[in-house]
Amino acid sequence: MPDAISVINVTKRFGSLTAVNSISFSVKKGEIFGFLGPNGAGKTTTTRMLTGVLKPDFGDVQILGHSMVSAPLLAKQKFGVVPETSNAYPDLTAWQNLMFMGELYGLGSEHAKERTLYLLQIFDLYEHAQKKVQSFSKGMKQRLILAMALIHEPELIFLDEPTSGLDVSSARMILSMLREMNSRGVTIFLTTHNMDEANTLCHRVGIIRSGNLIAIDSPEKLKDTLDKIHQIEVSFNRDIPEEMLRNLPGITTFSRFGDKWKLSAQDKDLAIRSLVALSEHEGMSIISLNTLAPTLDDVFLRLTGGEK
Amino acid sequence: MNIRMVREQTRRAFSIAKKDLRIYYYKPPVLISGILMPIFLCMAFLMGNKSVSLPFLIAGLLSMTLFFTATAISPVIFPWEGQTRTLERLISCPVAPESIIMGDMIASTIFGIAITLVALFIGHLIGVIVIHWILLICAIIIGSICFSAIGMLLSVPPTAVSQNIMLLSTLVKFPLIFVSGIFMPVEQMPGAGQVIAYLSPLTYFTDIARFSLTGTGYFPIYFDVWMLLLFTIILSVASIVLHKKTMPLRI
Ligand SMILES: Nc1ncnc2c1ncn2[C@@H]1O[C@H](COP(=O)(O)OP(=O)(O)OP(=O)(O)O)[C@@H](O)[C@H]1O
Ligand SMILES: [Mg+2]
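These figures come from a predicted structure and were not determined experimentally.

Participant: Help me get a handle on the side chain of B:Asp104, residues and values and all.
Facilitator: Following the sequence through the fold, B:Asp104 ends up in helix α6 (residues 97-125). No salt bridge is formed by the buried B:Asp104. Its closest oppositely charged neighbour is B:Lys19, at 4.6 Å.

Participant: Lay out the interface of chain A and chain B in plain terms, naming residues and giving numbers.
Facilitator: Of the residues lining the interface, 31 residues belong to chain A; the matching set on chain B comes to 28 residues. A buried area of about 2700 Å², summed over both sides, lies between chain A and chain B, and 60% of it is on carbon and sulfur atoms. The three residues of chain A that bury the most area against chain B are A:Leu73, A:Tyr89 and A:Leu104, which together make up 25% of that side's buried surface. Seen at the junction of chain A and chain B, the total is three salt bridges. Of the charged contacts, one joins A:Asp91 and B:Lys27 as a salt bridge, the two residues approaching to 2.9 Å between their closest N and O atoms. Run the count over chain A and chain B and you get twelve residue pairs in polar contact (both at pLDDT 80 or more). For the side of chain A that touches chain B, the secondary structure elements donating two or more residues are α2 (72-77), β6 (79-82), α3 (94-104) and α5 (138-149) of chain A.

Participant: Quick one: what's the story with the packing of helix α4 (residues 74-83) of chain B against α6(B), residue by residue and with numbers?
Facilitator: Residues and elements named next belong to chain B. With their axes 9 Å apart at the nearest point, α4 and α6 run at an angle of 135 degrees to one another. Between α4 and α6, the angle falls in the class oblique. Between α4 and α6 the crossing geometry is right-handed. Residues Ser74, Ile77 and Phe78 of α4 form the contact with α6, whose participating residues are Ile100, Ile101, Asp104 and Ser108. A breakdown of the residues in the contact of α4 with α6 according to their chemical character gives four nonpolar, two polar and one charged.

Participant: Mind laying out the confidence of the model for chain B, listing which residues take part and the relevant values?
Facilitator: For chain B, per-residue confidence averages 88 on the pLDDT scale, and 98% of positions sit at 70 or higher. Both scores are given for the predicted complex: the pTM is 0.85, the ipTM 0.90.

Participant: Go over the domain arrangement of chain A with me, naming the residues and quoting the values.
Facilitator: When the parts come together, some accessible area is lost, and that loss is often what is quoted as the size of the interface. All names here are of chain A. In terms of domains, chain A is made up of domain 1 (3-219) and domain 2 (226-304). Once you take the C-alpha centre of each, domain 1 and domain 2 turn out to be 42 Å apart. Counting the surface lost from both domain 1 and domain 2, the interface buries some 760 Å², and carbon and sulfur atoms represent 83% of this. Together, Met195, Ile207 and Arg209 form the three largest contributors to the area buried by domain 1 at its contact with domain 2, with a combined 56%.

Participant: Which residues make up a nonpolar patch on the surface, and what are the values?
Facilitator: All names here are of chain B. A contiguous nonpolar patch, built from Ile32, Leu36, Ile39, Phe40, Met43 and Met47 and spanning about 600 Å² of accessible area, is present on the exposed surface. Mapped onto the elements of the fold, Met43 is located in helix α2 (residues 28-48). Met43 gets classed as partly exposed once you look at its relative accessible area, which sits at 40%.

Participant: Could you give me a rundown of the sheet that holds strand β4 (residues 58-63) of chain A, with the residues and numbers involved?
Facilitator: Residues and elements named next belong to chain A. An order of β2-β1-β4-β5 is seen for the four strands of this open sheet, with the pairing classed as antiparallel. Edge positions in the sheet fall to β2 (17-27) and β5 (66-67), since each of these pairs with one other strand and no more. Pairing of β4 with β5 involves two bridges; the strand directions are antiparallel. From the neighbouring strand, Ile63 faces β5, where its bridge partner is His66. Each of β1 (5-14), β2 and β4 is contacted by helix α1 (residues 43-50), which is oriented at about 120 degrees to β1, the strand it contacts most.

Participant: Now, about the site of ligand 1: what can you tell me, with residues and values included?
Facilitator: Residues and elements named next belong to chain A. Close contacts around ligand 1 come from 14 residues, with Gly40, Lys43, Thr44, Thr45 and Glu84 the closest. Here an oxygen atom of ligand 1 and a backbone polar atom of Ala41 are 3.2 Å apart. Between an oxygen atom of ligand 1 and a side-chain N or O atom of Thr45, the distance comes to 2.6 Å. Burial of ligand 1 by the surrounding chains reaches 65%, relative to a free accessible area of 630 Å². Listed by contribution, the elements that provide at least two residues to the shell around ligand 1 are β2 and α1. When residues in the shell around ligand 1 are grouped by element, the largest group, three residues, is from α1.

What counts, and at which threshold
- Residues numbered from 1 in each chain as written.
- Chains lettered and ligands numbered in written order.
- Predicted model: local features only at pLDDT ≥ 70, side-chain atom pairs only at ≥ 80, totals over all residues.
- Heavy atoms only, no water.
- Helix = DSSP H or I, 4+ residues; strand = E, 2+ residues; numbered from the N terminus.
- Buried < 20%, exposed > 50% of the residue type's maximum accessible area, 1.4 Å probe, protein only.
- Lys, Arg positive; Asp, Glu negative; His and termini not counted.
- Salt bridge = Lys/Arg side-chain N within 4 Å of Asp/Glu carboxyl O.
- Contact = heavy atoms within 4.5 Å.
- Buried area = accessible area lost by both parts, 1.4 Å probe.
- Polar contact = N/O pair within 3.5 Å; in protein donor to acceptor, adjacent residues only side chain to side chain.
- Axes fitted to C-alpha atoms, helices over the stretch in contact; angles between N-to-C directions.
- Parallel < 35°, antiparallel > 145°, perpendicular 65-115°, else oblique.
- Left-handed = near helix turned anticlockwise from the far one by under 90°.
- Nonpolar A, V, L, I, M, F, W, Y, C, P; charged D, E, K, R; others polar.
- pLDDT = per-residue confidence, 0-100.
- Domains from an automatic or database assignment.
- Patch = residues over 30% accessible without salt bridge, like charges linked within 9 Å, V, L, I, M, F, W, Y side chains within 5 Å.
- Areas by Shrake-Rupley, 256 points an atom, 1.4 Å probe, with all protein chains shown as cover.
- Pairing = 2+ DSSP bridges.
- Near = heavy atom within 4 Å.

Right, dumping it as structure tokens:
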């Protein structure tokens, strides 16, 4: 069974800038794959190559077994796209935009009407069907664009930052729609800046930095790789001078955050024991003590060089 | 590509043409260069020119109308799609670049044919006599394809600023009008003008229109038709090849 997406040594240059540097990965059928990276890392460029909008300088992209290089029309028939920049036709109505997409994907006119009607209803756009898109709010536009990507019931869908700039409820609606589609077997490839989104939605994530794919795994496993260094948050019933913490066994760094101390430790167990010993020795009591699991944010910042 | 795919792609090209017609026919640049411009030129032409016969004049007007209407939509589509960022979506759909380009050409061609036929019909009502109807209608169809290809070629430079393309269009379109035997019969042109007239497809369409209305033309009619067809093929192929090259630069 072919993978939903397989990317083989894909490279894209813009003049002297290598926007995407020989990356390879694959996305299995039924997966939600998150593509993360800081601004300008090459997410959109990669997505455009996967969707056949840009031609890679080298390498090949296969969509459900069809090569984007040698059989682009067959490959493109298989997926729907929500591009980074919103782009329904502003001079057409929601209805006309959807019907036009139906025609481009080769749906018969009855089938296209049926799908258009259905999508307008589930995306809460039915009352606005006959209005031109230029009068739509950003949330309405984004819902319409998602609906346009789904017109032909694709088994794979690409989304480039589908929730950026949306309010919480619109973003939630789109995310729950994606989850629901995935439960029916649709493969989803999405780029995002939102770690929360990636963490709760994606089965696997890939992280790209300056055109290089630097990590690819499930969010949990990625967090695990950071587990060697633990974060501990502690507060005492009274203020203590820094010196007390300096030479404590097991603790590597510390800094004050309000009434709390944030510590990092190689050995969590040893660090906690020495904190307890310290408070006993000094006659203080510990008010709170938390060990913090690394978040996907930490992984991201560590890997993309935002934090040393 | 097998036959079934070609048929399917042709259907999709027509869907793109339908979308173009819906969106672009009332855009200001299209209205100005496709409707207002030919009307004003015709009026200036009718008032100024007393030395030539009426059928000659009507043939020139017809030719000018077709030229302006068929080149009205095609130059603005690509810059506009680039500007509204709708092109990316179009390219990610299962439509070949050729289908997109042909769809745009079809839209422009239909616009040209429709408005010219209306003008012809009005002319007919006020007493213009056409001798060779079938020839004229065929020439209008071929000529419209040819001129819309010229319009497409004008929008090959990958800019999203449609004003630049409009300026370029004006700079190309007006000189063509002057060298194509519309204001002045080819036989009365100075030598250099006659040479340039041979290089303009508009010359041959004008001559066919003249032949259809008056029964005589400057060139043999078969020569006119073949030249018009030849230009249509060359210009259409050129606009497809060149647009395919510049399309990715608009993303
Ligand atoms: N058409 C283009 N011409 C020249 N350079 C480009 C082009 N498109 C992208 N780039 C460059 O390629 C690099 C990657 O851009 P890309 O848009 O893929 O980043 P991104 O990860 O999507 O960023 P963001 O999070 O801001 O959307 C950037 O340095 C960008 O300036
Ligand atoms: Mg991007």
